[in-house]
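Structural characterization, general
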Amino acid sequence: MRQKRAKTYRKLMSLYCMSFGFREPYQVLVDSEICRIATESRIDLSKQLSTVLQGVTKPMITQCCIHELYLQGKSQQSAVDLAKAFERRKCNHREAIPGDDCLASVVGDSNRHRYVVATQSQPLRAKLRLIPGVPIIHINRSVMILEPPSEETLRVKQQKEQEALGPAAAELVKLPQQPSDPPRKKKGPKGPNPLSMKKKVTRPVSVRVPRKSDSTAPPSASDLSIGEKRKREENDEQLTATRKRKRRRKHGGGPTSSVVTTA
Ligand SMILES: [Zn+2]
């Protein structure tokens, strides 16, 4: 058996064990057809069942299923011999009924005895898929296949998990939708880094200089009103500041410029 398939089956069997109480040795109900195919294809049925279910198995057969093999005559003697080696599961059918019906009645509507069913019958398999927690096995081209869990099995499994958690835990399960930690600040660009931005150069406000024609004397500081004087001083300060900044840039040079020169 391939590793991937073995892993899938192991997971599947742990699902049946955890959610439906399956335990080793797994009781496997086999039908007449699978016994026939196993002998025809020379498959060691017991061994294969243990390989697929990955545990100790107890193959079982009902009287009705053995009866089906009897009906097929002497050609199926080896299959009968194989079936007879298995443990007999009492089905209490006085008159033998078709194997499918017999197995369906033994499994019941809840599979409370936790049977694994190995059957080649498509209709029976379809019927068993509607019962939660029935591992189903069939043989396809002399390869034994364990079916994936049915929808009903998965539904009940989920339901049981919810119940096991209880109402309080169910609330907790909902919680991850609304994490307790405060909402994270949005990451991403908000705009340029204010530290890397060039400061807005405020252009000096043009100071109205009185024309010569206005007065004969050249305009002196004393002529300007106090308000204008202050303005001028401010402008001067700003100008010198910007000049200094520019100078610093020229001399210092950014990290990028130094890279350029070295390159
Ligand atoms: Zn029966």
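These figures come from a predicted structure and were not determined experimentally. Per chain, the residues get numbers from 1 upward, laid out in the order the sequence is written. Two thresholds apply to this predicted model, a pLDDT of at least 70 for residue-level local features and 80 or more for giving and counting side-chain atom pairs, whereas whole-chain, interface and lining totals are computed over all residues. Only hydrogens and water are set aside; all other atoms, that is, all heavy atoms of the structure, feed into the side-chain values.

Moving on, we come to the packing of helix α4 (residues 63-71) against helix α5 (residues 77-85). Packing of α4 against α5 leaves a shortest axis separation of 9 Å and a crossing angle of 165°. Between α4 and α5, the interaxial angle falls into the category roughly antiparallel. The hand of the α4/α5 crossing is left-handed. Across the interface between the two elements, I66, L69 and Y70 of α4 pack against A79, V80, A83 and K84 of α5. Counted by class, the contact of α4 with α5 contains six nonpolar, no polar and one charged residues. Every angle, taken between N-to-C directions, lies between 0 and 180 degrees, and every axis is a line fitted to C-alpha atoms, over only the stretch in contact when it is a helix. Where helices and strands are cited, they refer to DSSP runs of H or I of at least four residues and of E of at least two residues respectively, numbered from the N terminus. Roughly parallel refers to an angle under 35 degrees, roughly antiparallel to one over 145, roughly perpendicular to one between 65 and 115, and oblique to any angle outside these ranges. It is the rotation of the near helix from the far one that decides the hand of a crossing: anticlockwise by less than a right angle makes it left-handed, clockwise makes it right-handed. Throughout, a residue-residue contact means that at least one pair of heavy atoms, one from each residue, lies within 4.5 Å. Each residue gets one label: Ala, Val, Leu, Ile, Met, Phe, Trp, Tyr, Cys and Pro are nonpolar, Asp, Glu, Lys and Arg are charged, and the others, such as Gly, are polar.

Right, let's talk about the sheet that holds strand β6 (residues 143-146) for a bit. Should DSSP find at least two bridges between two strands, the strands are taken to pair. The sheet built from six strands is open, its strands ordered β3-β2-β1-β4-β5-β6 with mixed pairing. Only two strands of the sheet have a single partner each, and these edge strands are β3 (87-89) and β6. Taken pair by pair, the neighbouring strands of this sheet meet at an average axis angle of 35°, ignoring direction. For strand β4 (residues 115-118) and strand β5 (residues 136-140), the ladder comprises two bridges, and the chain directions are parallel. Note that in β5 the partner of A118 across the bridge is I137. Helix α1 (residues 3-20) contacts β1 (26-30) and β6 of the sheet and is inclined by roughly 40° relative to β6. Across the sheet, α4 lies against β1, β2 (57-62) and β3, angled at about 65° from β2, the strand it touches most.

All right, on to the packing of aromatic side chains then. Two aromatic rings, drawn from Phe, Tyr or Trp (for Trp, its six-membered ring), form a pair once their centres lie within 6.5 Å of each other, and the interplanar angle then sorts them: stacked below 30 degrees, edge-to-face above 60, tilted otherwise. Scanning the entire structure with this criterion turns up two aromatic pairs. Ring geometry for Y16 and F20: centres 6.3 Å apart, planes at 50°, overall tilted. One end of the pair is Y16 and the other is F20, both in helix α1 and four residues apart, which spans about a single turn. Look at Y16 and F22: their rings are 5.6 Å apart centre to centre, the planes differ by 55°, and that puts the pair in the tilted class. With relative accessibility at 1%, the residue F22 sits in the buried group. Through a chain of ring-to-ring contacts, the aromatic side chains of Y16, F20 and F22 assemble into a single cluster. Residue burial is assigned from relative accessible area. The probe radius is 1.4 Å, only protein chains are included, and a residue is buried under 20% of its type maximum, exposed over 50%, and partly exposed in between.

On to the pattern of salt bridges. Side chains that carry opposite charge are capable of pairing whenever their charged atoms lie near each other. Criterion for a salt bridge: a side-chain nitrogen of Lys or Arg within 4 Å of a carboxyl oxygen of Asp or Glu. Applying the stated criterion across every chain yields a total of seven salt bridges. In this structure, the salt-bridge partner of E40 is R36, at a minimum N-O distance of 2.6 Å. Of this pair, E40 and R36 are both found in helix α2 (residues 32-40), four residues apart, which corresponds to roughly one turn of the helix. Overall, the relative accessible area of 17% leaves R36 in the buried class. The structure contains a network of salt bridges with shared partners spanning E33, R36 and E40.

Side-chain atoms alone can form a polar contact between residues adjacent in sequence; in general such a contact is a pair of N or O atoms within 3.5 Å, and within protein one must be able to donate a hydrogen while the other accepts it. Engagement of the side chain of R36 in a polar contact is seen with the side chain of E33, the distance being 2.6 Å. Dropping the residues within four chain positions of it, R36 is found in contact with Q72, Q76 and A79.

Here we come to the pairing of β2. Where a strand is regular, its side chains alternate between the two sheet faces. In terms of burial, β2 is largely enclosed, as five of its six residues are buried. Sheet topology places β1 next to β2; four bridges connect them, and they run parallel. Considered in β2, the bridge of V28 is made with P59. When β2 meets β3, the two strands line up parallel, connected through three bridges. Its bridge partner lying in β3, I61 is registered against R88.

What follows covers the coordination of the zinc ion. In this listing, donors mean N, O and S atoms no farther than 2.8 Å from the metal, or 3.2 Å for Na, K and Ca; water is missing from the atoms, so a site can look incomplete. Taken together, the protein ligands of the zinc ion are C64 (SG), C91 (SG), H93 (ND1) and C102 (SG), with distances of 2.0 to 2.2 Å. Tetrahedral means four donors with every angle between 85 and 135 degrees, whereas square planar (four donors) and octahedral (six donors) require angles over 155 degrees between opposite donors and between 65 and 115 for all others; sites fitting neither are termed irregular. Seen from the zinc ion, its four donor atoms lie at angles of 99 to 113°, and the figure they make is tetrahedral. On the primary sequence, the residues serving as donors to the zinc ion are separated as C-x26-C-x1-H-x8-C. The class of C91 is buried, set by a relative accessible area of 13%. Overall, the relative accessible area of 23% leaves H93 in the partly exposed class.

This part takes up empty space enclosed by the protein. A cavity here means a set of points on a 1 Å grid, drawn over the protein atoms and nothing else, where a 1.4 Å probe fits but cannot get out; a pocket is an open set with protein on both sides within 12 Å along at least five of seven lines, and a residue lines either one if it has an atom within 4 Å of a point. Grid points are joined across faces, edges and corners, and a volume is the space filled by probe spheres set on the points. Tallied over the full model, the rule gives one cavity of 30 Å³ or more. The computed volume of the largest cavity comes to approximately 40 Å³. Every residue along the wall of the largest cavity is listed here: Y16, R129, V134, I136, E147, P148, P149, S150 and T153. Within the lining of the largest cavity, the residues separate by chemical class into five nonpolar, two polar and two charged.

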